[in-house]
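Below, each chain spelled out in residue letters.
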Amino acid sequence: MTLKNDLLLRAARGERVERTPVWAMRQAGRILPEYRKVRAQAGSFIKLATTPEMAAEVTIQPVDILGVDAAIIFSDILVIPEGMGLPYEMVEKRGPVFPRTVQTMQDLKTLRVADPEEDLSYVTDALKIVKRELSGRVPLIGFAGAPFTIFCYMTEGKGSKTFSIAKKLLYTDPEFSHVLLQKITDSTIAYLKAQIKAGVDLLQVFDSWAGILSPTQYRLFSLPYIKQICDAIRGDAIHEVPVTVFAKGAYFARQEIGQLACSVVGLDWNMDVKETRALIPDKTLQGNLDPCALYGTFDQIRTEVKRMVSEFGTQKYIANLGHGVYPDTPPDNVRCFIDAVKEFSQV
């Protein structure tokens, strides 16, 4: 299917664009009253995420309502442990909780490598619906969590500021850690390839907890597994799609991330643009407006966007936030952000 708006893919490939493409992480979510209506009908977050028709509906909403240049499938990074045999619950105001964790070699015997066709078909079914309903209007983004980020939740059992249980295992039982990370990686590669088969045009790998690791630990326990994922997608000559790696807080690893077989490197708002361009001269960059900037007035948002576009330049750049949009952000402010990027990045 020929895309009517292929700005995102051209930018990801480093091709010249007439304006910078823009989307927002967590654009399909709680900021939109239309989303909240569907969420109420579903009754729970997990029911929404695992019902393909509903997940597809909220995926498309931001394209219609906000005017973004891409749709990103409504799902969760924690479907991977679910598919591996470690189910989770989404507790209101607490976030994800795993009734059972894995912390020993014995625990690993209860896990399997996820089969996306069998264990995660609700995601691929949703992707197929979205692809059909979009009818080529904009590209469709698929995603997964980076293995270390998934490791954090599977071993800790819930969100944490420090993930000290997860990090403790890296020091006290590196053998266990590597075995679990490899099993997550194998599951993730199969899952992302299934997403490509279902029709996604670009993939993003979210290493949300990259910043809690030291540079040495990141090189041992995260980068090698992200490299495996990038190499596996790049090596699929028939279905190759661009890959974005977004490692929040890993400012120390930007150059090494830039050497991976990915097309795009995502930046959080703490990463200096000029410095990053020098470290990663040959790839497209994505980011990196502070989500809190969207609490400002329209004039303030426009000023911040103009500054951001000026720093990145209009080419080899995908405009986004430096992390997901916060749930209490007014939708009109997000729309202001999207419109400002379109205005200030015209070539």
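Residues numbered from 1 in each chain as written. Predicted model: local features only at pLDDT ≥ 70, side-chain atom pairs only at ≥ 80, totals over all residues. Heavy atoms only, no water.

*Asks:* Would you mind going over the pairing of strand E8 (residues 284-289) with me for this structure?
*Replies:* Successive residues of a regular strand alternate their side chains across the two faces of the sheet. For E8, a buried count of six out of six residues is recorded, marking the element as mostly surrounded by other parts of the structure. Pairing between strand E7 (residues 264-266) and E8: three bridges, direction parallel. For Val-264, the partnering residue across the bridge sits in E8 and is Thr-284. Crossover handedness for the path E7 to helix H15 (residues 273-279) to E8: right-handed. Relative to strand E9 (residues 317-321), E8 runs parallel, the two being bridged by five bridges. Bridged to Asn-288 within E9 is Asn-320. Handedness of the crossover joining E8 and E9 through helix H16 (residues 298-312) is recorded here as right-handed. (Buried < 20%, exposed > 50% of the residue type's maximum accessible area, 1.4 Å probe, protein only. Helix = DSSP H or I, 4+ residues; strand = E, 2+ residues; numbered from the N terminus. Pairing = 2+ DSSP bridges. Right-handed = clockwise from strand over helix to strand, strands pointing away.)

*Asks:* Can you walk me through the state of the cysteines in this structure?
*Replies:* In a disulfide, the sulfur atoms of two cysteines are covalently bonded to one another. Considering all chains together, one arrives at zero disulfides under this definition. The thiol sulfur of Cys-230 is not disulfide-bonded, and the nearest other cysteine sulfur, from Cys-262, lies at 5.1 Å. (Disulfide = S-S within 2.5 Å.)

*Asks:* Please clarify how the side chain of Ser-177 should be interpreted in this entry.
*Replies:* Note that Ser-177 resides in helix H11 (residues 174-198). Beyond its immediate sequence surroundings of up to four residues, Ser-177 is in contact with Phe-151, Leu-169, Leu-170 and Phe-221. (Contact = heavy atoms within 4.5 Å.)

*Asks:* Sorry, what's going on with the pairing of strand E4 (residues 140-145) here?
*Replies:* With respect to burial, E4 is a largely interior element, six of its six residues being buried. Burial along E4 is two-sided: the face carrying Leu-140, Gly-142 and Ala-144 and the face carrying Ile-141, Phe-143 and Gly-145 are both buried. Summarising the sheet, strand E1 (residues 71-72) and E4 pair through two bridges and their orientation is parallel. Each bridged residue has a counterpart across the sheet, and for Ile-72 the counterpart in E4 is Ile-141. Sheet topology places E4 next to strand E5 (residues 202-207); five bridges connect them, and they run parallel. Within the sheet, the bridge partner assigned to Gly-145 lies in E5 and is Phe-206.

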